Amino acid sequence: MRGLGGPVGIALSGSGSALPRLSVSNDDLSGWLDTSDSWIRSRTGIAARRIAAGDETLTVLATRASRQALEAAGWTPLQLELILLATSSPDDLFGTAPQIQAALGADNAVAFDLTAACSGFLFALITAAQYIRTGCYRRVLVVGVDLLSRWVDWHDRSIAVLFGDAAAAVTLETCDSDRDGLLAFAMRTDGARNGCLTLPLTPSEQCPRQGISIQQGSYGSIRMNGQEVYKFAVREVPAILAEVLDQAGVDAASLDWLLLHQANQRILDAAAQRFGIPAEKVLSNLAHYGNTSAATIPLMLHEAVAAGRIRPGHLIASSGFGAGLSWGAALLRWGGRQPG
Ligand code: UT7
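Given the structure is predicted, the values throughout are model-derived calculations rather than measurements.

### Some remarks on the UniProt feature "active site" (unreviewed entry) in the protein
Under the present numbering, the feature "active site" (unreviewed entry) in UniProt falls on Cys-118, His-261 and Asn-291. Spanning 174 residues, the named residues nonetheless gather at one spot, since no C-alpha pair among them exceeds 8.7 Å. You can see His-261 is positioned in the loop between β13 (257-260) and α8 (265-275). Residues within four places of His-261 in sequence aside, it is in contact with Cys-118, Leu-268, Asn-291, Ser-293, Thr-296, Ile-297, Ser-319, Gly-320 and Phe-321.

### Brief notes about the packing of helix α7 (residues 226-248) against α8
How two helices pack is summed up by the angle between their axes together with the distance between the axes. Put simply, α7 and α8 touch, their axes get as near as 10 Å, and they point 40° apart. As summarised for this structure, α7 and α8 are arranged oblique, according to the angle between their axes. Between α7 and α8 the crossing geometry is right-handed. Counting all contacts with α7, which are made through Tyr-230, Ala-233, Val-234, Val-237, Pro-238, Leu-241, Ala-242 and Leu-245, the residues of α8 involved are Arg-266, Ile-267, Ala-270, Ala-271, Arg-274 and Phe-275. Of the residues contributing to the contact of α7 with α8, the split by class is twelve nonpolar, no polar and two charged.

### As for the environment of Ser-177
Among the secondary structure elements, Ser-177 is positioned in the loop between β7 (165-175) and β8 (182-189). Note on Ser-177: relative accessible area 57%, which makes it exposed. Along the sequence, Ser-177 and Gly-9 sit 168 residues apart, while their C-alpha atoms lie 4.0 Å from each other.

### So, helix α5 (residues 120-133)
Over its 14 residues, α5 runs 20 Å from end to end, which matches the ideal 20 Å to within 8%, given 1.5 Å per residue. The buried fraction of α5 is high, at ten of 14 residues. Of all the positions in α5, only Gly-120, Phe-121, Leu-122, Phe-123, Ala-124, Leu-125, Ile-126, Ala-128, Ala-129 and Ile-132 are classed as buried. Of the residues flanking the end of α5, it is Gly-135, one or two places downstream, whose phi is positive at about 85°.

### Quick look at the sheet that holds strand β1 (residues 9-18)
Across the sheet, which stays open at both edges, the five strands sit in the order β1-β7-β6-β4-β5 with mixed pairing between neighbours. Every other strand in the sheet has two partners, leaving β1 and β5 (110-114) as the edge strands with one partner each. Across the sheet, the mean angle from the axis of one strand to that of its neighbour is 20°, orientation sign disregarded. Pairing of strand β4 (residues 82-86) with strand β6 (residues 139-147) involves five bridges; the strand directions are parallel. Note that in β6 the partner of Ile-83 across the bridge is Leu-141. Relative to β1, helix α3 (residues 58-73) is tilted by about 130°, and along the sheet it contacts β1, β4, β6 and β7.

### Some words on the pattern of salt bridges
Summed over all chains, the structure comprises twelve salt bridges. Taken together, the salt bridges that share partners define one network made up of Asp-190, Arg-193, Arg-235 and Glu-236.

### Quick word on the nonpolar core
The biggest cluster of nonpolar side chains holds 49 residues, and the ones touching the most others in it are Leu-241, Leu-258, Ile-277, Phe-321 and Leu-331. Of all the secondary-structure elements, those providing two or more residues to this core are α6 (157-160), β8, α7, β13, α8, β14 (315-322) and β15 (326-333). Both domains that meet at this core, namely domain 1 (7-177) and domain 2 (180-191 + 221-332), each give it at least three residues. Excluding residues within four positions of it along the chain, Ile-277 makes contact with Ala-252, Leu-255, Leu-258, Ala-272 and Val-282. Residues Leu-125, Val-142, Ala-294 and Ile-297 belong to the second largest nonpolar core, which totals 37 residues.

Conventions used here
- Residues numbered from 1 in each chain as written.
- Predicted model: local features only at pLDDT ≥ 70, side-chain atom pairs only at ≥ 80, totals over all residues.
- Heavy atoms only, no water.
- UniProt positions renumbered as here; feature names shortened; annotations may be inferred.
- Helix = DSSP H or I, 4+ residues; strand = E, 2+ residues; numbered from the N terminus.
- Contact = heavy atoms within 4.5 Å.
- Axes fitted to C-alpha atoms, helices over the stretch in contact; angles between N-to-C directions.
- Parallel < 35°, antiparallel > 145°, perpendicular 65-115°, else oblique.
- Left-handed = near helix turned anticlockwise from the far one by under 90°.
- Nonpolar A, V, L, I, M, F, W, Y, C, P; charged D, E, K, R; others polar.
- Buried < 20%, exposed > 50% of the residue type's maximum accessible area, 1.4 Å probe, protein only.
- Expected span 1.5 Å × (residues − 1).
- Pairing = 2+ DSSP bridges.
- Salt bridge = Lys/Arg side-chain N within 4 Å of Asp/Glu carboxyl O.
- Core = buried A, V, L, I, M, F, W, Y, C linked by side-chain atoms within 4.5 Å.
- Domains from an automatic or database assignment.

Here's what the structure looks like:
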């Protein structure tokens, strides 16, 4: 670690993604669930989702996405100083980031996990940015990856239709302050509403000997009060976006893109309408992947960069929200090179 210097700029310089091979359509799901393509599309905007196979572990997908992001930034793995992994479905409860560090050969990087469900990527990006801003690290990789298929009850139609698996990554690096890519941010937690969306430990008691009781347990499946989470998102996302725009002194008309956590098309539409942002500036890939939790924002970012939609200098308002309950927003400026 270097000594603390003055505030420096943060450039979002490269991106990458990795998707499981298997795509499961709404019609596939209605083969065993009491649901339909028309219900899922009209209530969520989702048409299909990817589901990871046994050889597509969290580490494998995250490493693939990370390599692509490093390549886009023009870095070697040895130049990395920090890997921050946002996930709620780790391969290892002790942390999966170290396995990604080893797979990349990023021997000089410290690597650890950060858990904040669907807000995870945005929280990790903002956390990583602080290390750069203070001069601690110059090159950081932020990975958002979740395989929530591991924790979905595939016989619960209210949950199974919503989620999918994916990994995506973004590189952050030091730059001049006039090219800064993180113009404003805000983060919130409301633990009193934790019960709206949880994946809790189901306790079980072991008594290896009389008088000795050991509390163990295992994780079951995702529980969500969909309507409460929906109302929370529609209320809080526009409010926190307004707060970051205000912080930066930027009005909505100056935005190039609105990049929200991809949970429900109706939430994207409501937030855009609130700001008077035209539909063509609202990024959405929900139809193809569903809600991939910590991966949605970097996956959408990467696809838009790769397609030449997001270009260097573009201003992006982003917001993540979900379990915790947690939510956050950031005003970003894309600093990467134009692909191709
Ligand atoms: O990333 C984490 C953040 N999570 C979210 O943002 C999720 C936020 N919530 C939502 O997106 C929506 O609440 C859902 C998509 C989960 C549900 O949509 P909704 O319009 O709130 O539906 P609902 O829960 O009010 O259910 C309406 C009806 C119910 O039937 P009755 O009681 O009216 O007869 C449900 O049983 O739809 C039924 N239903 C379904 N029907 C067909 C629920 N799930 C399904 C389904 N297929 N998959």
